[in-house]
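Architecture at a glance
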Amino acid sequence: MIKQLSIATLALALSAPVLAEKEFENHNNMMDHGDGHLMDMTGGMVMGQNTDTLPGGCDSIAAVKEITVHAGHKYSEKFPGRMFAFDVQEYQFEPCTKLTINFINDDSVRHQWMMHGLPKYLYPKGMFHLEVTGPGKISGTLIFPPADKTYLVHCDIAQHMEKGMKAQLKIGKGDGDLPSIPGLTAYVIQDDYSGSNPEESLADTVVEEITQMKNKVVGNDSFFSGLTVIGLAIGLLLAPLLARKFKGMAIGEVIAYIFSLLKISVEMIVKVISWLIGLVKK
Ligand SMILES: [Cu+2]
């Protein structure tokens, strides 16, 4: 009995730290590695921090601003098909603004707020980067250059941007919009929830059928296989187009459609030939 009890106690003691959720951590005691690079041992990191050097073309700091940015799964719920998002998808500031970002990660995974395209003489790799692993907060400061420009802001953890953690930051009027900003600009690749056959699978099936037919009918005969290769090449080129046309059709309908196409082309050829004969006869 005592032995059982002690095993149970031991199991509980071992499992408790695993089960415990990571508590919210304020990453405010960072080690300064120089060149605007700060980090601690618990998953907090700032890269490209610049609190005092004016970018070329800025006579002075035009404005001092501070924002709080949240990152987490819950902010993506209003964007169908997305898994992660920032709470805000667009920011806009005056040129030469000094901005402090308080970045809060509301998830248990690692997230970043990363800006690209900054001048490299001031920001290593042209980047400003805040990162927090698990629930927590980190703060960083930078000074924007003077030009009107739209900067990409994203989380660079694998697939987080593709899954929605993406925003744009405009300095002045910006220089256009970026694609696939959730709720703001059109996705480059639209999600398709229609449930019909994906285009590729139908194209693959057609190619497979033709290959099998070729093997049955002509074996490895070089002349025919040469022709078949040309046929296959044309088929491969046309397959995606036809597959799109045939989406949702039964295989019988597809064959009927191909035959009607063939019939139309034969009729056209006959018409052209008769017209040519008519010309010669005159
Ligand atoms: Cu992330």
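As shown above, the structure is provided for reference.
1. A few points about the overall build of the chain
If you tally the helices and strands in the chain, you get four helices and 13 strands. Partitioning the intrachain contacts of the chain with sequence separation of at least 6 by distance along the chain shows that 68% fall at a separation of at least 24.

2. Details of the sheet that holds strand β5 (residues 63-72)
Taking strand neighbours across the sheet as the criterion, the five strands line up as β1-β11-β8-β5-β6 in an open arrangement whose pairing is mixed. Sheet topology places β1 (25-26) and β6 (85-86) at the edges, where each strand pairs with a single neighbour. As defined by bridge partners, β5 adjoins strand β8 (residues 97-105) across nine bridges and the pair is classed as parallel. The residue of β8 that forms the bridge with K65 is L99.

3. Comments concerning the pairing of β5
The pairing of β5 with β6 spans two bridges and is antiparallel. Bridged to G72 within β6 is A85.

4. Focus on the environment of H129
Among the structural elements, H129 can be located in strand β10 (residues 128-133). A C-alpha to C-alpha distance of 8.1 Å links H129 and Q49, two positions 80 residues apart in sequence. Not counting residues up to four positions away in its chain, the partners in contact with H129 are M47, G48, Q112 and M114.

5. Notes on the sheet that holds β10
Neighbouring strands of a sheet are bound in pairs by backbone hydrogen bonds; such pairs are parallel or else antiparallel. Pairing is mixed across the open sheet formed by eight strands, whose spatial order is β2-β3-β4-β10-β9-β12-β13-β7. Of all strands in the sheet, those with a lone pairing partner are β2 (31-32) and β7 (90-93), marking the two edges. When β2 meets strand β3 (residues 38-39), the two strands line up antiparallel, connected through two bridges. What sits directly across from M31, in β3, is M39.

6. Some words on the nonpolar core
Within soluble globular proteins, side chains that are nonpolar tend to cluster in buried spots. Within the largest apolar cluster, 32 residues are counted, with the highest numbers of intra-cluster contacts made by F103, W113, M115 and V153. Mapped by element, the contributors of at least two residues to this core are β4 (44-47), β6, β8, β9 (110-115), β10, β11 (136-143), β12 (149-154) and β13 (166-171). When near neighbours in sequence (up to four residues on either side) are disregarded, W113 contacts V69, A71, I101, F103, L130 and V153.

7. Description of the pairing of β12
As paired elements, β9 and β12 share two bridges and run antiparallel to each other. The residue of β12 that forms the bridge with M114 is H154. The pairing of β12 with β13 spans six bridges and is classified as antiparallel. Bridging across to β13, L152 finds its partner in Q168.

8. Focus on unusual backbone geometry
At K125, a position not held by glycine, the phi torsion is positive, near 60°. Owing to 11 C-beta atoms within 10 Å, K125 belongs among the exposed residues under this scheme. Notably, S180 is not glycine yet its phi reads approximately 60°, a positive angle. Here S180 falls in the partly exposed class, since 15 other C-beta atoms lie within 10 Å of it.

9. With respect to the environment of T97
Secondary-structure assignment places T97 in strand β8. Sequence-wise, T97 and A63 are 34 residues apart; in three dimensions their C-alpha atoms are separated by 4.8 Å. Once residues lying within four places of it in the same chain are set aside, the contact partners of T97 are A62, A63, K65 and F144.

Conventions and cut-offs
Residues numbered from 1 in each chain as written. Predicted model: local features only at pLDDT ≥ 70, side-chain atom pairs only at ≥ 80, totals over all residues. Helix = DSSP H or I, 4+ residues; strand = E, 2+ residues; numbered from the N terminus. Contact = placed C-beta atoms within 7 Å. Pairing = 2+ DSSP bridges. Core = buried A, V, L, I, M, F, W, Y, C linked by C-beta atoms within 7 Å. Buried ≥ 20, exposed ≤ 12 C-beta atoms within 10 Å, placed from the backbone.

All we've got here are geometric facts, nothing functional implied.
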